Amino acid sequence: MRRLRRYLDELGLPLDGLDLHSLRRSYATHLLEDGWDPRFVQYQMGHEHASTTGIYQFVSDDFRNSTLRAALDRTMDEVLGVQMRGQW
């Protein structure tokens, strides 16, 4: 913790806005947003239960929207076929 505070001070960053827990949460969230398997993230975080890792699945609105759009597009492709999708 002292090393992180020293780095923040040297970079001129505020000491109260960033801590090791924030970096840990950011790491887990970015892994999930980039499509890593939640079980891998659970292992990386050292969590015994998946529900503990689940708190990191509160991701950005942009990620949620793009994930939902991709799922809807896949569903429509399956239902209508790729050729017909552009006609609707």
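This text goes with the structure placed above it.
Peer 1: Give me the packing of helix α2 (residues 20-33) against helix α3 (residues 38-45): which residues, what numbers.
Peer 2: Axis angle and axis distance: for two packed helices, these are the angle between their axes and the distance between the axes, and together they describe the pair. Look at α2 against α3: their axes get within 9 Å of each other, and the N-to-C directions meet at 160°. Classified by the interaxial angle, the pair formed by α2 and α3 is roughly antiparallel. Classified by chirality, the crossing of α3 by α2 is right-handed. On the side of α2, the interface is formed by Arg 24, Tyr 27, Ala 28, Leu 31 and Leu 32, while α3 contributes Pro 38, Phe 40, Val 41, Gln 44 and Met 45.

Peer 1: Just give me the short version of α2, but keep the residues and values in it.
Peer 2: When the terminal C-alpha atoms of α2 are compared, their 20 Å separation across 14 residues agrees well with the 20 Å that a helix rising 1.5 Å per residue should span. For α2, the full list of buried residues reads Ala 28, Thr 29, Leu 31 and Leu 32. Buried residues along α2 cover an arc of 160° about the axis, so they all sit on one side. The opening residue of α2, the one whose side-chain oxygen lies 3.2 Å from the backbone nitrogen of His 21, is Asp 19. Immediately downstream of α2, the backbone of Gly 35 shows phi near 95°, a positive value.

About the criteria used
Residues numbered from 1 in each chain as written. Predicted model: local features only at pLDDT ≥ 70, side-chain atom pairs only at ≥ 80, totals over all residues. Heavy atoms only, no water. Axes fitted to C-alpha atoms, helices over the stretch in contact; angles between N-to-C directions. Helix = DSSP H or I, 4+ residues; strand = E, 2+ residues; numbered from the N terminus. Parallel < 35°, antiparallel > 145°, perpendicular 65-115°, else oblique. Left-handed = near helix turned anticlockwise from the far one by under 90°. Contact = heavy atoms within 4.5 Å. Expected span 1.5 Å × (residues − 1). Buried < 20%, exposed > 50% of the residue type's maximum accessible area, 1.4 Å probe, protein only. Arc of directions from axis to C-beta. Polar contact = N/O pair within 3.5 Å; in protein donor to acceptor, adjacent residues only side chain to side chain.

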